[in-house]
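Each chain, letter by letter, is given below.
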There are 2 protein chains.
Amino acid sequence: MIQRPRGTRDFLPDEMERRRHYESLLREVCRTHCFREVATPIFENTELFTAKSGPNIVDEIYSFQDKGGREISLRPELTAAVMRLFINEMSNHARPLKLFYFGQCFRYERPQSGRYREFFQFGAEIIGAPNAETDAEAIALAHSMVKALGLKEYVLRVGHIGILRGELRSMGIADADMAEILQKLDKKSYDEAAPLLRRHGIDDDGMTSLFEKTQLTGGKELLPGIEGEPGEYLRELFGFLEAYGVDDVLVDIGTVRGLDYYTGVVFEIEAPGLGAEKQVCGGGSYTLSEVLGGEPVFSTGFAIGFDRILLALEKEDHPYTARVPDAFVIAASEDVRPEGLRIASMLRQAGLGADVDLMRRKVSKAMKAASSSGARYVVIVGSKDLAQGGVTVRDMQSGDQELVPLDGLVSHLQS
Amino acid sequence: MIQRPRGTRDFLPDEMERRRHYESLLREVCRTHCFREVATPIFENTELFTAKSGPNIVDEIYSFQDKGGREISLRPELTAAVMRLFINEMSNHARPLKLFYFGQCFRYERPQSGRYREFFQFGAEIIGAPNAETDAEAIALAHSMVKALGLKEYVLRVGHIGILRGELRSMGIADADMAEILQKLDKKSYDEAAPLLRRHGIDDDGMTSLFEKTQLTGGKELLPGIEGEPGEYLRELFGFLEAYGVDDVLVDIGTVRGLDYYTGVVFEIEAPGLGAEKQVCGGGSYTLSEVLGGEPVFSTGFAIGFDRILLALEKEDHPYTARVPDAFVIAASEDVRPEGLRIASMLRQAGLGADVDLMRRKVSKAMKAASSSGARYVVIVGSKDLAQGGVTVRDMQSGDQELVPLDGLVSHLQS
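Computed from a predicted structure; not experimentally measured. (Residues numbered from 1 in each chain as written. Chains lettered and ligands numbered in written order. Predicted model: local features only at pLDDT ≥ 70, side-chain atom pairs only at ≥ 80, totals over all residues. Heavy atoms only, no water.)

Notes on the overall build of chain A
So, step 1. Counting its secondary structure elements, chain A contains 15 helices and 17 strands.
So, step 2. A compact globule built from 415 residues would reach a C-alpha radius of gyration of about 22 Å, whereas chain A, at 28 Å, exceeds it by more than 25%.
So, step 3. If one aligns the C-alpha atoms of chain A with their principal axes, the spans along those axes are about 95 × 55 × 45 Å.
So, step 4. Residues classed as buried in chain A amount to 58% of the 415 residues present.
So, step 5. At a minimum sequence separation of 6, the contacts of chain A that also span at least 24 residues come to 69%.
So, step 6. For chain A, the exposed area adds up to about 16900 Å²; of that, 47% sits on carbon and sulfur atoms.
So, step 7. For chain A, the centre of its 49 positive side-chain charges and the centre of its 63 negative side-chain charges are spaced 7 Å apart. (Helix = DSSP H or I, 4+ residues; strand = E, 2+ residues; numbered from the N terminus. Rg over C-alpha atoms; globule rule 2.2 N^0.38 Å. Buried < 20%, exposed > 50% of the residue type's maximum accessible area, 1.4 Å probe, protein only. Contact = heavy atoms within 4.5 Å. Areas by Shrake-Rupley, 256 points an atom, 1.4 Å probe, with all protein chains shown as cover. Lys, Arg positive; Asp, Glu negative; His and termini not counted. Charge placed at Lys NZ, Arg CZ, Asp CG, Glu CD.)

In structure tokens:
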């Protein structure tokens, strides 16, 4: 028996229907917020990802040579690809561009709970509007998505990359030296950050105070205390968020991102019910276009881990009831089998979900199949009934059976 | 500037929306016909595809080793994967299984018009019902799909693999020797088939008659002349197809498939408007499960080339009008900007598509942006109007402007 590759999944009908249901909820939120969908290839030239994340990214992704010797990689995320699309094909479109995407991403890592080698991201990017409204619009979209899915327990945290950068600056650390330190702080690897800081003359007290700040999260009462540009920006942003009705949001002082293209606001949504792998959405503002060879342009966006947020919904016992056939059509004898197909076809054309016995079962066995399909009605096609211009319809809930004329069958089943 | 890989495509918003529209039409047909969706990984263990199609398939697909040294390949089609899923995870489900799928497939070949290295297939499989009804159900589904998409010019041809096999058998060629000959006939490579046939003692007249048959297509008047089991099966099938309302269907005597797992009925839908690459759907019955290590099980299915059928629709000038915002909200001055966001948010929550100026434009410039967005209404939020509890709404079609109270805004825009 041939197995599927490690770390990948198959989706069976019930699960797939549930996934499509939640996907369509997210899609609907994008429609009301006037974000429009784009799609990019499953694989990209590897340089796209190394340009964004550095050469070491190759160790974590599916990279290979195609038969023409080109270095290609399965995409580990979609922001780089969407920015490439923007640079190549949409750079002269009216600003801002409000784009969303949904699709598979891939990373080569040890499979574990909630982490797959093939996983799905639903994300959005706003390109070209350098305002706090833009960050607010992105956060409001993510917030509306979480609400639309129905997730009850979540934590939305918003911070600004500039706060800790300013902190380091005030400690006398030059901008050029920050990246390495910020990367350690981002991972809360204080042991590794300490020697770097010490090298820059930071003493133990300074470090303790810095490390504490990287863990500081709180309510809006923290806003007035944030100094400089980051403080001004966040205060404006939180005003806009309130206008959007996003009021269940925390101020996150300790936000750090090690990569240079992050420019300001950073936000995350966590589902605490998920334990260690609790982040279901991450985003912020960035200037990736330049890094990829395009013009400098302000962008902000986020990605929702679709698998993980579905896991969070599952843990909250969100009910999703799979669709059932409206009708299951059974031919009572061989001679009326074509008539059974004709009737199923008529119901389908009327928009009803109609299944039909394809196994030439006897009526009693076919009734069992109909019952386990969950069909609301069974339509029994028999020659005697047909002679009277009708079929027998059984309501599977009540068990009631009646003769229904063929020309009234659709409306009978629709009621 | 980093380019996307050769033979792949980006989909921009208008095109993507059109694709999703047609995808949802196909999805809806699956719903009424009670087919249910499954999904499998983008890549599979390479042996899945070599087991189905032979070792040479590797030359035509994206095959590579992952970091663990496993041979994996981007899927070139989805039937093998769906059968693997069936064997691994659904073999004990009630029969028949009626499954559909939609997704990217990949092949490494020279990109050309209508042929991409990344392309999309929408397909369906019925597993476990060994009857002509099953083939009819599959063909009826494909037919309904083409109708639902609105394709006007198409040719549906149905044949039976057994006809030409019987012909070869009657010429004294053993079943074991047929595969190679059938593969040549499948590609209409008569020059290559001739020496093989000659080796089995077939003379020029016999060959001419055989080659003519491989090109024979006609109306139902051909049915009575088809001998043996294939004839009986096709006559029954065409009776069922008629019951399904599929009456625009040709009998294809010359259908050939070289691979052993094809068992009987084969069908194709062509869009003649596409020229050389005119096949938009191909299917038939097969017993692939055994080949992949599962139990013997009768299956029938098909795949629609989603890109190609969209190309055919495009050539027929099918109109698709992109969605526009219901409203575009503009704040007339800086102080009411949060109020603008609040109103946009209110409209979105009511299910309206509401865009909002994020660029801090002056009203006249923002009106231009609203106009090029195609929005039906512009909502101008100004402090004077707000003092009266309202906003100014401009109907972009008529140019009429009026003051609308905030609590009546949603219903005003919905009308």
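Following the structure, the description resumes.
As for the nonpolar core
So, step 1. Grouped together as the largest cluster of nonpolar side chains are 80 residues, with contacts concentrated most on V158(A), F302(A), L347(B) and V379(B).
So, step 2. Counting residues per element, this core draws most heavily on helix α4 (residues 132-149) of chain A, which supplies 10 residues.
So, step 3. The next biggest cluster of nonpolar side chains, apart from the first, holds 78 residues, and it includes L156(B), I226(B), L237(B) and L310(B). (Core = buried A, V, L, I, M, F, W, Y, C linked by side-chain atoms within 4.5 Å.)

Side note on the sheet that holds strand β4 (residues 71-74) of chain B
Sheet strands pair by backbone hydrogen bonding; their relative direction is either parallel or antiparallel.
All names here are of chain B.
So, step 1. The strand order across the open sheet formed by 3 strands is β2-β4-β3, and the pairing between neighbours is antiparallel. The outermost strands of the open sheet, each flanked by one partner alone, are β2 (43-45) and β3 (63-65). Across the sheet, the mean angle from the axis of one strand to that of its neighbour is 35 degrees, orientation sign disregarded.
So, step 2. Alignment of β3 against β4, held across 3 bridges, turns out to be antiparallel. When the bridges of β4 are listed, Q65 appears paired with E71.
So, step 3. Those strands touched by helix α2 (residues 46-53) are β2, β3 and β4, and its axis lies near 75 degrees from that of β2. (Pairing = 2+ DSSP bridges. Axes fitted to C-alpha atoms, helices over the stretch in contact; angles between N-to-C directions.)

Structural notes on the interface of chain B and chain A
So, step 1. Tallying the contact residues gives 99 residues for chain B and 97 residues for chain A.
So, step 2. Here chain B packs against chain A, burying approximately 8500 Å² in sum over the two surfaces, 57% of which is carbon and sulfur.
So, step 3. Area buried by chain B at its contact with chain A is led by I2(B), K67(B) and L358(B), which between them contribute 10% of it.
So, step 4. Here chain B is connected to chain A by 20 salt bridges.
So, step 5. Its salt-bridge partner being D14(A), residue R36(B) comes within 2.8 Å of it at the nearest N-O pair.
So, step 6. Summed over the shared surface of chain B and chain A, the result is 46 residue pairs in polar contact (both at pLDDT 80 or more). (Buried area = accessible area lost by both parts, 1.4 Å probe. Salt bridge = Lys/Arg side-chain N within 4 Å of Asp/Glu carboxyl O. Polar contact = N/O pair within 3.5 Å; in protein donor to acceptor, adjacent residues only side chain to side chain.)

Some words on helix α8 (residues 204-213) of chain A
All names here are of chain A.
So, step 1. Along α8, the positions that sit buried rather than exposed are G206, M207, L210 and F211. Angularly, the buried residues of α8 cover 125 degrees about the axis, an arc narrow enough to put them on a single face. Turned more than 90 degrees away from the buried face of α8 sit D205 and E212, all of them exposed. (Arc of directions from axis to C-beta.)

A word on empty space enclosed by the protein
Rolled over the atoms, a probe sized like a water molecule indicates the empty space that remains.
So, step 1. Taken as a whole and assessed by the stated rule, the structure comprises 3 cavities of 30 Å³ or more.
So, step 2. The calculated volume of the largest cavity comes to roughly 520 Å³.
So, step 3. Along the wall of the largest cavity there are 34 residues; nearest its centre are R20(A), Q104(A), R20(B), F102(B) and Q104(B).
So, step 4. If you list the elements that add at least two residues to the lining of the largest cavity, you get α1 (13-32) and β5 (97-106) of chain A together with α1 (13-32) and β5 (97-106) of chain B.
So, step 5. Considered class by class, the residues forming the lining of the largest cavity number 18 nonpolar, 6 polar and 10 charged. (1 Å grid on protein atoms, 1.4 Å probe; cavity = no way out; pocket = protein on both sides within 12 Å on 5 of 7 lines; lining within 4 Å. Points joined across faces, edges and corners; volume = space filled by probe spheres on them. Nonpolar A, V, L, I, M, F, W, Y, C, P; charged D, E, K, R; others polar.)

What to know about the domain arrangement of chain A
So, step 1. Split into domains, chain A comes out as domain 1 (13-315) and domain 2 (327-414).
So, step 2. Computed over C-alpha atoms, the centres of domain 1 of chain A and domain 2 of chain A are 53 Å apart. (Domains from an automatic or database assignment.)

Comments concerning unusual backbone geometry
So, step 1. Here the bond from R95(A) into P96(A) is cis, since omega is -10 degrees, no more than 30 degrees from zero.
So, step 2. Phi at C34(A) takes a positive value of approximately 60 degrees, unusual for a residue other than glycine.
So, step 3. With respect to the secondary-structure elements, C34(A) resides in the loop between α1 and β1 (36-37).
So, step 4. For C34(A), a relative accessible area of 13% gives the class buried.
So, step 5. At R360(B), a position not held by glycine, the phi torsion is positive, near 55 degrees.
So, step 6. For R360(B), the position within the fold is in the loop between β14 (354-356) and α13 (363-373).

Details of the relation of the copies chain B and chain A
So, step 1. Once chain B has been moved 0.0 Å along the axis and rotated by 180 degrees, it coincides with chain A to within an RMSD of 0.1 Å. The transformation just described matches what one would write down for a two-fold rotation axis. Looking at the rotation axis and the C-alpha trace of chain B, the residue lying nearest is F64(B), at 3.4 Å.
So, step 2. The fraction of interface residues of chain B whose copies in chain A are also interface residues reaches 98%, indicating that both copies meet through the same surface. (Least-squares fit on C-alpha atoms with pLDDT ≥ 70 in both.)

Details of the pattern of salt bridges
So, step 1. Per the counting criterion, the structure on display carries 78 salt bridges over all chains.
So, step 2. One salt bridge in this structure joins R157(B) and E268(B), with 2.7 Å as the shortest N-O distance. You can see R157(B) sitting in strand β7 (residues 155-160) and its partner E268(B) sitting in strand β10 (residues 262-270), a full 111 residues away along the chain. Of the two residues, R157(B) and E268(B), neither departs from the other in class, the shared state being buried.
So, step 3. Among the ionic contacts, a cluster of salt bridges with common partners joins R20(A), E23(A), R27(A), E37(A), R20(B), E23(B), R27(B) and E37(B).

Re the side chain of S289(B)
So, step 1. When you line up the elements, S289(B) lands in helix α10 (residues 288-291).
So, step 2. S289(B) gets classed as buried once you look at its relative accessible area, which sits at 0%.

Topic: the packing of α4(A) against helix α9 (residues 228-243) of chain A
Residue and element names in this part refer to chain A.
So, step 1. Remark: α4 packs on α9, axes separated minimally by 9 Å, with the N-to-C direction vectors making an angle of 50 degrees. Considering the angle they form, α4 stands oblique to α9. Pair α4 / α9 crosses with right-handed handedness. Here α4 contributes A132, E133, D135, A136 and I139 to the contact with α9, which in turn contributes Y233, E236, L237, F240 and L241.
So, step 2. Looking at the contact of α4 with α9, its residues break down into 7 nonpolar, no polar and 3 charged. (Parallel < 35°, antiparallel > 145°, perpendicular 65-115°, else oblique. Left-handed = near helix turned anticlockwise from the far one by under 90°.)

Observations regarding the confidence of the model for chain A
So, step 1. For chain A, the average pLDDT comes to 94, and 99% of its residues sit at 70 or higher.
So, step 2. Here the predicted complex carries an ipTM of 0.95, next to a pTM of 0.95. (pLDDT = per-residue confidence, 0-100.)

Section: the state of the cysteines
Residue and element names in this part refer to chain A.
So, step 1. Taken as a whole, this structure holds 0 disulfides over all chains when the rule is applied.
So, step 2. C30 carries a free sulfur, and the closest cysteine sulfur to it, the one in C34, is 10 Å from it.
So, step 3. What makes C30 buried here is its relative accessible area of 0%. (Disulfide = S-S within 2.5 Å.)

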